[in-house]
Every structure is written in C-alpha cells, then in structure tokens.
Amino acid sequence: MSKNIKISAKNVDVFYGDTHAIKGVDVEIEDKSVTAFIGPSGCGKSTFLRCINRMNDTIDICRVTGDILLEGEDIYAKSIDPVQLRARVGMVFQKPNPFPKSIYDNVAYGPTIHGLAKNKAELDEIVEQSLRRAAIWDEVKDRLHQPGTGLSGGQQQRLCIGRAIATAPEVLLMDEPCSALDPIATAQVEELIDELRASYTVVIVTHSMQQAARVSQKTAFFHLGNVVEYGDTDKIFTNPEDSRTESYITGRIG
Amino acid sequence: MMDQGHIASAFDRDLDAVQALIMKMGGLVETAISDAARALEMRDTELGEQVRQNDKLIDELEEQVASEVARVIAMRSPAAGDLRTVLSVLKISGNLERMGDYAKNLGKRTAVLSEMPAITGTGGALRRMTQLVNLMLKDALDAYIQRDLELAINVRQRDADVDQMYNALFREFLTHMMEDPRNITACMHLHFIAKNVERMGDHVTSICEQVIYLVTGEMPDEDRTKTDRTSTDSTLGKV
C-alpha cells in the first residue's frame, strides 16, 4: 500500500545571505507517519524543517527557492497567510517554551486567536482533548490554572505538544524535542509521537540516531546542505546505500 | 568507508578484538580437523584423544565471542555495517563451534575404529575430503577478514565438490558392507565421519553466506547447486 504524500519538496534551495544552506533538496513526506531528519550540526536539517511552516520568513537575509507543497498547494504562494499556515503546520522546539501563563491559557491561546471555539465550553473541550492527546491531562487536570512554567521539563514539553495540536494542525514539526529531557521524559515523548502519528504527519529533527531509529518510519540524512539519502528507517539503519550515511550513523564522521 | 575508523576509537578496538577471537577459533578448528583426519588415517588414538580435549578451547572461545558481542551491542548500539559485523561474528562463531564438535566426534571414532580391521581405500578418500573442507575453511576465513565477496562466492560453490565426494564414499561404504557383513560396524562409523565432514562443508558455506551478507547487506539466494543426493536419490543405493 503506497501512502499519500502530505508534503512534497522539489528542488528547494535556501540561502542565508551568501551562504548556501540547502542545496536542491527533493523530499516527499508521507501522511500519518513519522519522518526523521538526521545529520551533523550545520547540515541544514533544522533549516529545512523551518521551511515547512515558513519560520524562515522571520529571518531577513533568508531566501528560499524551489517548491514546497502541502497537499499539493504551494506554501510559498502569495495567497498563503503564514499565520494560517502555522496553524496547519505546528511546531515544537528543542527547549520547552510554555508561555508565562497558566497551563489552560497555554493551550487555549492558539484556538482563541484562530477563532476555533465558539464559546467557553468548546474551548474547555479543545483544551482537554489537546492535553489528553499530549498524554499529560491526568498530570495537570487538577491544576489547569497554575503556571505552565511550574511543570517539570518533560511535562512542559508535552504541554507544548498539546499547545501545538490545539489548533488542529495536519503536520507537527519537532526540532530536537527531547534534547533537554531526561531519559524517562524522552521515552514518554517518544511514546506520544508514536501515538500522534495516527492523526498527524510528524517530522522530527534529532541528533539522537537511536531516537530516529525508534520513532520514525522514514529517515532523511542531511549532509552539507544535501539530502544524501532518504528512505525507510529500517533500511537506513541496517543497510544504507550511501557510504556517507553509513559513516555518519556508525559514528565515523560528525 | 569501513577502513575509516570510528570517532570513538574504543569501538574499533572492541570490533577488532571480537574479530580476532574468530580468527583464533578458526585456527583451532583448522588444526582440529587436520589432526582428526591424520589420527584416523594413522590410527593414532593419542592424537584423536588430543583433538577431543582441545575442543574445550573452541567451546570456551565461542562463549567468549557471545559475551563480547552482547557487550558491544549493549555499549555501542552498532548500526549498519557495524551491526552486520557483530551479527555475523556471532553466527560464524556458532558455525566454527559445530565444526569443532564434528572434529571431536571424528577423534572419538578413531579410538573405536583403530580396534577394527581397516577398510581399504576409504582412509585416503576421507583424508582428501577433509583436506578439501579445511582449505575451504581457510579461504572462507580469509574472505571474512578481507571482506572478499568474490572469494566467498567461490568457496560457497566449492561445497559441491565435498558433496560429490560424500556421494562417492556413501556408495563405496555400501559396497564394502555388501561384500562382507563384518565390515558393517566399521563402515557405519566411517559413514558417520563422512557425513560429518560433509556437514562441515555446509558450515563453511554458511560462513561464506555471512561474508556475503556482511559485504552486501543481503543474504545470497539459494541458487547453489546441491549435490548431496543420498537423502533423495534411491538409485545411489543400487550397486
């Protein structure tokens, strides 16, 4: 069974001023699956991830060429509002970054500004569902009005995932979501990612090769701005085609 | 790519160490096979007994390989070629251990056979068959260390010669047993020996398949010609 393609990148180049950060990348990301981007620091994996919800727009010297299609629609087209796009393509960052607000308000913020709830009862429902999907509801349901910053690091990260899914996105981008977490919190987030893939298309950037192997179905190896190899995760980690991929995943090049 | 060392150089030392154990095992098995064959031919029960004793060393090495591999997997999480290396090491050590057991069994039967009248002609044939297997083993281990795909494929094909020699011996034993029923006991022992040497050839073939897997990432297809027909061809029993 061939899966539907959710995101299709064609010949994407990214420049930061004179620096050519991404060089002619072609990647097709499957719907309802987890795709991992791996590669050494500075290889362009985070840059490419940030192209998918136009986070790079906020950087003046950044220039993106080529096509990135979300469900066949060019996300860099003039008609696309980046704020609306980011509601469809949510993002979770390396460091948990809850707003300095209550747990409830952290999750309610997105749906409120996007007008997703008609009344308080609907908003309550969205908050509960989002926190349940983020596998943190049971831990916070009795203290929804306490500050989100008072939670542990792992809980904060799951709160941020809950916040990201509150706007009912189709795609979740995660930029090293576990790098600031301990192994238990990491395992909880990984378990969550595995559950989320039933409802969302997840793209994760990770420096942990083991994490990529554990959570993803497809892996892309970035090196010096190129996608060297892109394929099924089990193939990449047992028998990669390209010698550079092999060298990287076996710890021979950094 | 594989000649480039790991950033963590201790990982290279671990992999080298476990592969050195395989080569040591291989050396002991080669010696066991040639000693066992010589003991049989010369009716040297002392040498046969020595082969039996030395098998303990081979068994110990296999255990050592298994625990080293477990340690490397736990500590280093090997991937891709490294993963195939440790997996193949584990399988090859199993193959070598079985070959050692067959050599030991040959040593055991030497003691029994030396009490019986010799069956003319079969000693030389068994020795040639054993030499063939030993040469295959040596080449298979060379192919392993050199990651030499061509050599591995070549050795794998050569197992057909061993099978053919076994078929010929099978017929010969039948002839001897029909000629004189007093030969039956000795021929039964000799037949077990021949069968065991033929099995050694299969283990060498399996080592070659591990080399092919290690180099290409894929197990070879089952396109090798099978020429041990004794279990399927009833005409082999008609003499």
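Since we're looking at a predicted model, the values are computed, not measured.

Asker: Got a minute to help me understand the interface of chain A and chain B in this structure?
Answerer: Interfaces are often described in size by the accessible area the parts lose on coming together. With 14 residues of chain A in contact, the opposing surface of chain B contributes 14 residues. Going through the elements one at a time, α8 (209-215), α9 (233-238) and α10 (243-249) of chain A are the ones with two or more residues in the side of chain A that touches chain B. Looking at the side of chain A that touches chain B element by element, the count peaks at 4 residues for α10 of chain A. Class assignment for the residues of the side of chain A that touches chain B results in 4 nonpolar, 8 polar and 2 charged.

Asker: How do you make sense of the UniProt feature "domain: ABC transporter" (unreviewed entry) in chain A when you look at a structure like this?
Answerer: UniProt annotation of "domain: ABC transporter" (unreviewed entry) refers to residues 7-249 of chain A when read in the numbering used here. Counting secondary structure, residues 7-249 of chain A comes out at 37% helix and 27% strand; the distance between its end C-alpha atoms is 25 Å.

Asker: Got a minute to help me understand the packing of helix α5 (residues 149-179) of chain B against helix α6 (residues 184-216) of chain B in this structure?
Answerer: Two packed helices can be described by the angle between their axes and the distance between those axes. Residues and elements named next belong to chain B. Contact pair α5 / α6: the axes reach a minimum separation of 9 Å and the direction vectors enclose 170°. With respect to each other, α5 and α6 are oriented roughly antiparallel. Of the residues belonging to the contact of α5 with α6, the class tally is 19 nonpolar, 5 polar and 6 charged.

Asker: Any chance you could explain the sheet that holds strand β10 (residues 226-232) of chain A here in plain terms?
Answerer: Two strands in a sheet stick together by hydrogen bonds in their backbones, pointing the same way (parallel) or opposite ways (antiparallel). All names here are of chain A. Read across the sheet, 6 strands follow the order β6-β7-β8-β3-β9-β10 without closing on themselves; strand pairing throughout is mixed. Two strands lie at the open edges of the sheet, namely β6 (89-92) and β10, each paired on one side alone. On average, each strand axis in the sheet is tilted by 15° relative to the strand beside it, whichever way the strands run. Sheet analysis places strand β9 (residues 218-223) next to β10, joined by 6 bridges and oriented antiparallel.

Asker: Please explain the sheet that holds strand β4 (residues 62-70) of chain A as it appears in this structure.
Answerer: All names here are of chain A. Strand order in the open sheet formed by 4 strands is β2-β1-β4-β5, and the pairing between neighbours is antiparallel. Each edge of the sheet is formed by a strand with only one pairing partner; in this case those strands are β2 (19-30) and β5 (73-74). Relative to β5, β4 runs antiparallel, the two sharing 2 bridges. The residue of β5 that forms the bridge with Leu-69 is Asp-74.

Asker: Sorry, what's going on with the nonpolar core here?
Answerer: Generally speaking, a soluble globular protein has its nonpolar side chains buried in company with each other. Within the largest apolar cluster, 71 residues are counted, with the highest numbers of intra-cluster contacts made by Phe-37, Ile-52, Leu-172, Leu-173, Val-202, Val-203 and Ile-204 of chain A. Core analysis: the next-biggest nonpolar cluster, separate from the first, contains 55 residues, Ile-22, Tyr-166, Ile-207 and Val-215 of chain B among them.

Asker: Just checking my understanding: could you explain the confidence of the model for chain B for this structure?
Answerer: Should pLDDT be low for a region, the predicted coordinates there are not to be read in detail. Confidence along chain B averages 91 in pLDDT terms, with 95% of residues attaining 70 or more. Reported for the predicted complex are a pTM of 0.82 and an ipTM of 0.73.

Asker: Is there a simple way to explain α6 of chain B in this structure?
Answerer: Since there are 3.6 residues in each turn of an α-helix, residues three or four apart along the chain are aligned in direction. Its 33 residues place the ends of α6 of chain B 47 Å apart at the C-alpha level, agreeing with the 48 Å of an ideal helix rising 1.5 Å per residue. At the C-terminal side of α6 of chain B, Gly-217 of chain B shows a positive phi close to 85°.

Asker: Before we go on, may I ask you to explain α5 of chain B in this structure?
Answerer: Residue and element names in this part refer to chain B. In this model, α5 (31 residues) spans 47 Å end to end at C-alpha, consistent with the 45 Å of a helix rising 1.5 Å per residue. When α5 is considered as a whole, its buried residues turn out to be Ala-152, Val-155, Arg-156, Asp-159, Val-162, Met-165, Tyr-166, Leu-169 and Phe-173. Taken together, the buried residues of α5 touch α4 (122-146) and α6.

Asker: Looking at this model, I keep getting lost on unusual backbone geometry. Mind explaining?
Answerer: Look at Lys-32 of chain A: it is not a glycine, yet its phi comes out positive at around 50°. With respect to the helices, strands and loops of the structure, Lys-32 of chain A is situated in the loop between β2 and β3 (34-38). Judged by C-beta crowding, with 16 C-beta atoms within 10 Å, Lys-32 of chain A ranks as partly exposed. Positive phi, normally seen in glycine, also occurs at Arg-147 of chain B, with a value near 55°. Residue position: Arg-147 of chain B is located in the loop between α4 and α5. When the 15 C-beta atoms within 10 Å are taken as the criterion, Arg-147 of chain B is described as partly exposed.

Asker: Sorry if this is basic, but what is going on with the packing of helix α1 (residues 9-42) of chain B against helix α2 (residues 45-76) of chain B here?
Answerer: All names here are of chain B. Relative orientation of the contacting elements α1 and α2 amounts to 165°, with a least axis distance of 9 Å. Considered as vectors, α1 and α2 are oriented roughly antiparallel to each other. The chirality of how α1 crosses α2 is left-handed. Of the residues contributing to the contact of α1 with α2, the split by class is 19 nonpolar, 4 polar and 8 charged.

Asker: When you look at the environment of Ala-8 of chain B in this model, what are you seeing that I'm missing?
Answerer: All names here are of chain B. Within the element layout of this structure, Ala-8 appears in the segment before α1. Among the residues examined, Ala-8 registers 13 C-beta atoms within 10 Å and is labelled partly exposed. In sequence terms Ala-8 and Arg-76 are 68 residues apart; their C-alpha atoms lie 9.6 Å from each other.

Criteria and thresholds
Residues numbered from 1 in each chain as written. Chains lettered and ligands numbered in written order. Predicted model: local features only at pLDDT ≥ 70, side-chain atom pairs only at ≥ 80, totals over all residues. Contact = placed C-beta atoms within 7 Å. Helix = DSSP H or I, 4+ residues; strand = E, 2+ residues; numbered from the N terminus. Nonpolar A, V, L, I, M, F, W, Y, C, P; charged D, E, K, R; others polar. UniProt positions renumbered as here; feature names shortened; annotations may be inferred. Axes fitted to C-alpha atoms, helices over the stretch in contact; angles between N-to-C directions. Parallel < 35°, antiparallel > 145°, perpendicular 65-115°, else oblique. Pairing = 2+ DSSP bridges. Core = buried A, V, L, I, M, F, W, Y, C linked by C-beta atoms within 7 Å. Buried ≥ 20, exposed ≤ 12 C-beta atoms within 10 Å, placed from the backbone. pLDDT = per-residue confidence, 0-100. Expected span 1.5 Å × (residues − 1). Left-handed = near helix turned anticlockwise from the far one by under 90°.

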